[in-house]
Amino acid sequence: MKFIDSILKEGRTFYPSHEFSRRAHIKNFQEYSRLYKKSVENPEAFWAEKAKQLDWFRKWDIVLRNDMGFFKWFEGGYLNVCHNCVDRIVKSGKGKKAALIWEPESGEHKTYTYEELLKEVCRLANVLRKLGIKKGDVVEIYLPMIPELPIAMLACARIGAIHSVVFAGFSSDALKDRIQDSSAVLLITADGSFRNGKVFPLKDNADAALKECPSIKNVIVAKRANNGISMSDGRDFWWHELVNDAEDFCGAESLHSEESLFILYTSGTTGKPKGILHTQAGYLLFAYQTFKWVFDIRDNDIYFCTADIGWITGHSYIVYGPLSNGATIVMYEGSPTFPNPDRFWRIIEKHKATIFYTAPTAIRALAKEGDEWPNKCNLSSLRLLGTVGEPINPEAWMWYHEMIGKKRCPIVDTWWQTETGGILISPLPGATPLKPGSAAKPFFGIVADVLREDGSKAGINEGGYLVIKTPWPGMLRTIWNNPEKYKSTYFEKFGVYLTGDSARIDEEGYFWIMGRIDDVIKVAGHRIGSAEVESSLVSHRAVAEAAIVPYPHDIKGQAIYAFVVLKKGFEKSDGLREELRNHVSKTVGPIAKPDKLQFADDLPKTRSGKIMRRILKAVAEGSRDYGNIMTLADPGIVEILAKDRI
Ligand code: WTA
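Each chain carries its own residue numbering, running from 1 in the written order of its sequence. The predicted origin of the model limits local features to residues at a pLDDT of at least 70 and limits the giving and counting of side-chain atom pairs to 80 or more, whereas totals for whole chains, interfaces and linings rest on all residues. As a rule here, side-chain values come from all non-hydrogen atoms in the structure, and water together with hydrogens is ignored.

Asker: Honestly, the packing of aromatic side chains in this entry has me stumped. Any pointers?
Answerer: How two aromatic rings sit relative to each other is set out by the distance from centre to centre and by the angle between their planes. Centre distance within 6.5 Å is the pairing criterion for rings of Phe, Tyr and Trp, where only the six-membered ring of Trp is used; planes under 30 degrees apart are then read as stacked, over 60 as edge-to-face, and the remainder as tilted. Inspection of the entire model under this criterion finds 47 aromatic pairs. Centre to centre, the rings of tyrosine 32 and tyrosine 36 are 5.6 Å apart; their planes meet at 25°, and the pair counts as stacked. Here tyrosine 32 and its partner tyrosine 36 are both found in helix α2 (residues 29–41), 4 residues apart, which amounts to about one turn of the helix. Accessibility classification places tyrosine 32 together with tyrosine 36 in one group, the buried group. Sitting over the ring of tryptophan 238, lysine 223 keeps its end group 4.2 Å from the ring centre. Charge-over-ring contacts are defined here by two conditions on Lys NZ or Arg CZ: a distance within 6 Å of the ring centre and an angle within 35 degrees of the ring normal. The ring of tyrosine 510 carries lysine 435 above its face, with NZ or CZ at 4.4 Å from the centroid. Where helices and strands are cited, they refer to DSSP runs of H or I of at least four residues and of E of at least two residues respectively, numbered from the N terminus. Burial status follows relative accessibility: with a 1.4 Å probe on protein chains alone, a residue under 20% of its type maximum counts as buried, one over 50% as exposed, and anything between as partly exposed.

Asker: How should the pattern of salt bridges be read in this particular structure?
Answerer: Opposite charge on two side chains allows them to pair when their charged atoms are near. Salt bridge criterion: a side-chain nitrogen from Lys or Arg within 4 Å of a carboxyl oxygen from Asp or Glu. The tally for this structure, following the rule as stated, stands at 51 salt bridges. Put simply, arginine 65 and glutamate 75 hold a salt bridge, and the shortest N to O gap is 2.7 Å. Of this pair, arginine 65 sits in strand β1 (residues 62–67) while glutamate 75 sits in strand β2 (residues 70–75), and the two are 10 residues apart along the sequence. Taking relative accessible area as the criterion, arginine 65 reaches 33% and is therefore assigned partly exposed. Looking at glutamate 75, the relative accessible area reads 15%, which means it is buried. The salt bridge partner of aspartate 601 is lysine 572, with a shortest N-O separation of 2.9 Å. Here aspartate 601, found in the loop between β30 (596–600) and α19 (613–621), pairs with lysine 572, found in the loop between β29 (557–566) and α18 (574–587); they are 29 residues apart in sequence, far enough to count as distant. Its relative accessible area of 64% is what places aspartate 601 among the exposed residues. The exposure class of lysine 572 is partly exposed, given its relative accessible area of 44%. Salt bridges here are not isolated pairs; linked through shared partners, they connect Lys203, Asp207, Arg235 and Asp236.

Asker: Is there a simple way to think about the site of the ligand in this case?
Answerer: Any residue with a heavy atom positioned within 4 Å of a molecule or strand is treated as near that molecule or strand. The immediate surroundings of the ligand are formed by 17 residues, with Asp413, Thr418, Arg516, Lys522 and Arg527 found nearest. Between N or O atoms, a polar contact is any pair within 3.5 Å; within protein, one atom must be a potential hydrogen donor and the other a potential acceptor, and residues adjacent in sequence are included only when both atoms are from side chains. Side-chain polar atom of glutamine 417 to an oxygen atom of the ligand: 2.9 Å apart, as the coordinates give it. Contacts to the ligand include arginine 516, whose side-chain N or O atom sits 2.7 Å from an oxygen atom. Working definition of accessibility: Shrake-Rupley area with a 1.4 Å probe, residue cover restricted to the visible protein chains. Summarising the interface, the protein chains cover 96% of the accessible area of the ligand, which totals 530 Å² for the free molecule. Those elements that place two or more of their residues in the shell around the ligand are α11 (312–324), β20 (411–414) and β25 (511–516).

Asker: Help me understand α19 in this model?
Answerer: Within the span of α19, buried status applies to Ile615, Leu616, Ala618, Val619 and Ala620. Two residues qualify as a contact provided that any one of their heavy atoms is within 4.5 Å of a heavy atom in the partner residue. Packed against the buried residues of α19 are β28 (543–553), β29, β30 and α20 (637–643). Directly beyond the C-terminal end of α19, a positive phi value near 75° is found at glycine 622.

Asker: I would appreciate a short explanation of the sheet that holds β25 in the present structure.
Answerer: Across a sheet, strands are paired by hydrogen bonds formed along the backbone, either parallel or antiparallel in direction. Being paired, for any two strands, means DSSP has found at least two bridges between them. What the 4 strands build is an open sheet, ordered β21-β22-β24-β25; its pairing is antiparallel. Here the strands that pair on one side only, and so sit at the sheet edges, are β21 (448–451) and β25. Across the sheet, the axes of successive neighbouring strands diverge by a mean angle of 45°, strand direction being ignored. Alignment of strand β24 (residues 497–505) against β25, held across 5 bridges, turns out to be antiparallel. Along β25, the bridge assignment pairs isoleucine 505 with phenylalanine 511. Orientation is described by axes fitted as lines to C-alpha atoms, over the contacting stretch for helices, and by angles from 0 to 180 degrees between their N-to-C directions.

This is the structure we're talking about:
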């Protein structure tokens, strides 16, 4: 019996145009195959060769070392990530080239050249030093999509501080948990942020979180929304006042390859979010090389990525990958539908973007608004499209291909994770024939495979566990404060890196990602751990027990369905249902708000008390395919749940 049945069969193939291939870094499939073979025969030689493109203060002694399951790249080498992303580009003669084009919701865009970016970064780096921030200190960054966000990250990298960015859409509780786990000493935030023309009170949220975060000594506040906020004397400072007095240059710290660069929290299967740790040289090299080849970057490209920098996509493919390549980035502040659902297409037209990278959920949502929106815009500047974050269904792929790419632009469906630091499986746009819905082939140096439960290799088109069999430079180094969890989560099951995704490999070696195997739910491309939402629900005084499961959703891909058992003395009501949904929104963040919430008298459990999620999933999906329910303590409960389904 197959471990996972694959039902998707897609027969169409699209080839890159001759014109595209001719000018591409990797020009045809033979070239990819030859280079790939060489790269996996000796990944260390491959990466050592590529690493020469970066500026090093001291060359490495050893390319890769396995330190009892913790992988170290380029030990003995010293460099600075910020120097490589900014100074190195200025030195190469591109100081006057636009590094960042910032498009605020209001539309009055602002451009920073590489030279200007260098100055802003240096000034903030000097401010950080003056506030006593040293190498190895953690700086929490809770900023919206404004230029101060990449500037703050780069300033940290410049002086060797470890940044931990928290998505600005998260609530104060989520911020508090992350600050407490990372023991950050400084918080950088803004007064407020704009979305759909409305102001979101960022500083108020931060203040609420800081009541329980004694490690934070100072707060730097960027002025964005001009909303009234309170400043705590001696603790809080305005960004613009501090940088006014700062020098325009700040030397870049020479950092060992394996010094920490950043922590980024992501949802796991159990408990609180995990702090994924990335270090200097390996991460930078991987972001640099994958960006260069997957996006086939050229000097005159204008690259627009719609991700929020609060997620890994923004870290690797708005900040570190593009800047280290000397690219021009378009960064948008707000909502895709503000003021109309053509905002992305308008931005492409306005800035003549050549490369566009977004998430399937955005494509589905914008496709639903109708073809007239993209049709009214001039999208002829585009030459390459990309997607990330979740599987893209072939219908959405075709719409993207026809309506946005006008059948002219290759689409790179890039598979990767917060943990992988950069893209591991993706087409190369000038070389790889595309199959809608498939992330195609592994990047150079990446040995990906699909395994059965017993660790044997799955057959052709047989679904199983997606694993990566050898280390790569961009991989996570550990989980912050929890090295045991790093080992048990990623390496215990098979002894090689376990992704948590299921996949199949077809006759031609193409990878088809089938979704998560564990209890992580991908809502609109964002990773949400069931445990986090469940503990939020249970923290409400009316709730005795809760379980959440994903169910298919037209636009978001998956949405959250919650089953809630109330404590004695609480009445089921629509009012309470709304209150509970809002409670999750407030305590975890609006992205985690359950779309549906069903009250239940009991949950299906095994005799040992374990909740049987597959049964709840079947109920949520309206399927009668419960599997064996006789192991339940009370099999009768299933019919009642199905009857009460919303
Ligand atoms: C999913 C996002 C299918 C996958 C960069 C993975 C994808 C999780 C794709 C990581 C893709 C990402 N096709 N699924 N092209 N890209 N995923 O950490 O389930 O937010 O494990 O990183 O997103 O999510 P994360």
